[in-house]
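Remarks on the overall topology
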Amino acid sequence: MSSEKSLSIIVEKNPSPASEAQRQSILQDPGFGKVFTDHMLLIRYSEEKGWHDAHIKPYGNISLDPAVCVFHYAQEIFEGLKAYKAKDGRILLFRPEANAQRFINSAKRMAMAPLPEAYFLQAIHEFVKMEQNWIPDQSVGTLYLRPFMIASTPYLGVKASPDYLFMLIASPAGSYFSKGAKPVTVWISEFYTRAASGGTGEAKCGGNYAASLLAQQEATKNGCDQLVFLDAAEHKWIEEMGGMNIFFVMDDGSLLTPPLSGTILPGVTRNSIITLAKEKGLTVREDRYSAEQWIKDIQSGKIREVFACGTAAVVTPIGFVKNKDGEYQIHDGNPGKLTQEIHKMLVDIQYGNAPDTHNWVKEVK
């Protein structure tokens, strides 16, 4: 079946969906990742049958053998993308094929069976079409989509699983950070590292995020919203802000962002910002940048703005930086002009409020 161009997805509607009143109440202020829609999608894989048994069914618990590989050897990957409601009522997706390709790349790195791009996109479109009543208005937010895949064979030997379960769930979402668009304060983690060369840094797998939690606790204890990871080899070069890519705006108007070296997640938002910034006539450099130099450039005024980016939070301004030696304010501590311009450019395309010259936006019909 995995050689076919489309799947036959069986639909089992939830007999007790949220009422219209309940849903509308939730959509006024959904938060992030707290409430889920009425349904979920599942597709199974086996070496004998390929991808098969595709279902949309009521959202609920799943039953797994205690010995399945995901519990013991962390064979798991996931993605994150959003569905947007245009002003004219159209339902839009932003670059879903890029998420499909990254999902394939993550699967290969984790020795998992890649879900074909056609299946990934079909699952997203059919599921969003069914759950479109859960998409908030533009003034509130989006419908956050979480595709993920786990190794589902019950076996305690250390080897790649022959069976997998792909799932898709969705959650209406407002702002990712509780501060909304206000600048965040970040902690430079000089001990903990996110990924090393040859590791799983460029794969979107749960283990990378689990490994970041202790460092995030350190950041929180130091009064920070998020943390910035340095490289594993020298503990010198800036890599990511938690699970987000990071950009620096210099005093000459140019942008600088760490290069994709195998330890950094290749963000869809990151790639989109680089494209839009270059079209705006800005110089964008993908180059190594040390934490020491960052602090010096903040103090000298060479750094004008800093922001992080990712699917969940889109563009988040960074106003303050802390390390063991002190706290440093970036320019005036407020969201920078270019940060706000880039955020608007990107969001306007995502919501269908600006021309899409790149064919990034796909309508769900």
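A brief look at the structure comes next. (Residues numbered from 1 in each chain as written. Predicted model: local features only at pLDDT ≥ 70, side-chain atom pairs only at ≥ 80, totals over all residues. Heavy atoms only, no water.)

On the surface, Tyr73, Leu156 and Val158 cluster together into a nonpolar patch covering about 320 Å² of accessible area. Topologically, Leu156 is positioned in the loop between strand 7 (142-151) and strand 8 (163-173). Leu156 sits in the exposed class, given a relative accessible area of 53%. (Patch = residues over 30% accessible without salt bridge, like charges linked within 9 Å, V, L, I, M, F, W, Y side chains within 5 Å. Areas by Shrake-Rupley, 256 points an atom, 1.4 Å probe, with all protein chains shown as cover. Salt bridge = Lys/Arg side-chain N within 4 Å of Asp/Glu carboxyl O. Helix = DSSP H or I, 4+ residues; strand = E, 2+ residues; numbered from the N terminus. Buried < 20%, exposed > 50% of the residue type's maximum accessible area, 1.4 Å probe, protein only.)

With that settled, the discussion passes to the side chain of Ser254. Here Ser254 is to be found in the loop between strand 12 (245-250) and strand 13 (255-257). Among the polar contacts listed, one links the side chain of Ser254 to the side chain of Asp252, at a separation of 2.6 Å. In this view, Ser254 contacts Phe248, Val249, Thr283 and Arg285; residues no more than four positions away in its chain are not counted. (Polar contact = N/O pair within 3.5 Å; in protein donor to acceptor, adjacent residues only side chain to side chain. Contact = heavy atoms within 4.5 Å.)

It is worth spelling out the nonpolar core at this point. Core analysis: the largest hydrophobic core is formed by 42 residues, its most contacted members being Leu41, Trp51, Phe120, Val128, Leu145 and Phe166. At the level of secondary structure, the elements contributing two or more residues to this core comprise strand 2 (39-46), strand 3 (50-58), strand 5 (81-85), strand 6 (91-94), helix 3 (96-109), helix 4 (117-130), strand 7 and strand 8. Top element by residues in this core is helix 4. It accounts for 7 residues. Filtering out sequence-adjacent residues up to four positions away, Phe166 remains in contact with Leu41, Leu42, Ile43, Trp51, Phe103, Leu115, Phe120, Ala123, Pro147, Phe148 and Met149. (Core = buried A, V, L, I, M, F, W, Y, C linked by side-chain atoms within 4.5 Å.)

Quick look at the environment of Val68 now. The topology assignment puts Val68 in the loop between strand 3 and helix 2 (69-73). Overall, Val68 belongs to the buried group, its relative accessible area being 1%. Val68 has contacts with Ala151, Ser152, Thr153 and Pro154, leaving out every residue within four places of it along the chain.

Moving on, we come to the pattern of salt bridges. Under the definition given, this model contains 15 salt bridges. The closest approach of N and O atoms between Glu97 and Lys362, which form a salt bridge, is 3.7 Å. Of this pair, Glu97 sits in helix 3 while Lys362 sits in strand 18 (residues 361-364), placing them 265 residues apart in sequence. By relative accessible area, Glu97 is classed as partly exposed at 25%. The salt bridge involving Glu234 is made with Arg288; its shortest N-O contact spans 3.9 Å. Taken together, the residues span a long stretch of sequence, with Glu234 in the loop between strand 10 (226-230) and strand 11 (238-241) and Arg288 in the loop between strand 14 (284-286) and helix 8 (291-300) at a distance of 54 residues. By relative accessible area, Glu234 is classed as partly exposed at 46%. One salt-bridge network, held together by shared partners, links Glu190, Lys324 and Asp325.

For the rest of this paragraph, the subject is the side chain of Glu240. Position of Glu240 among the secondary structure elements: in strand 11. Of note is the side chain of Glu240, whose polar atom sits 2.6 Å from the backbone nitrogen of Leu265.

Right, let's talk about the packing of aromatic side chains for a bit. The full count for this structure, using the stated rule, is 14 aromatic pairs. Aromatic side chains Phe94 and Trp360 sit 5.6 Å apart centroid to centroid with 80 degrees between the ring planes, which places their arrangement in the edge-to-face category. Pair noted here: Phe94 is in strand 6 and Trp360 is in the loop between helix 9 (337-350) and strand 18, with a separation of 266 residues, a long-range link. Linked through ring pairs, Tyr45, Trp51 and Tyr164 together constitute an aromatic cluster. The side chain of Lys159 reaches across the aromatic face of Tyr155, ending 4.5 Å from its centre. (Phe/Tyr/Trp six-rings, centres within 6.5 Å; stacked < 30°, edge-to-face > 60°. Lys NZ or Arg CZ within 6 Å of the ring centre and 35° of its normal.)

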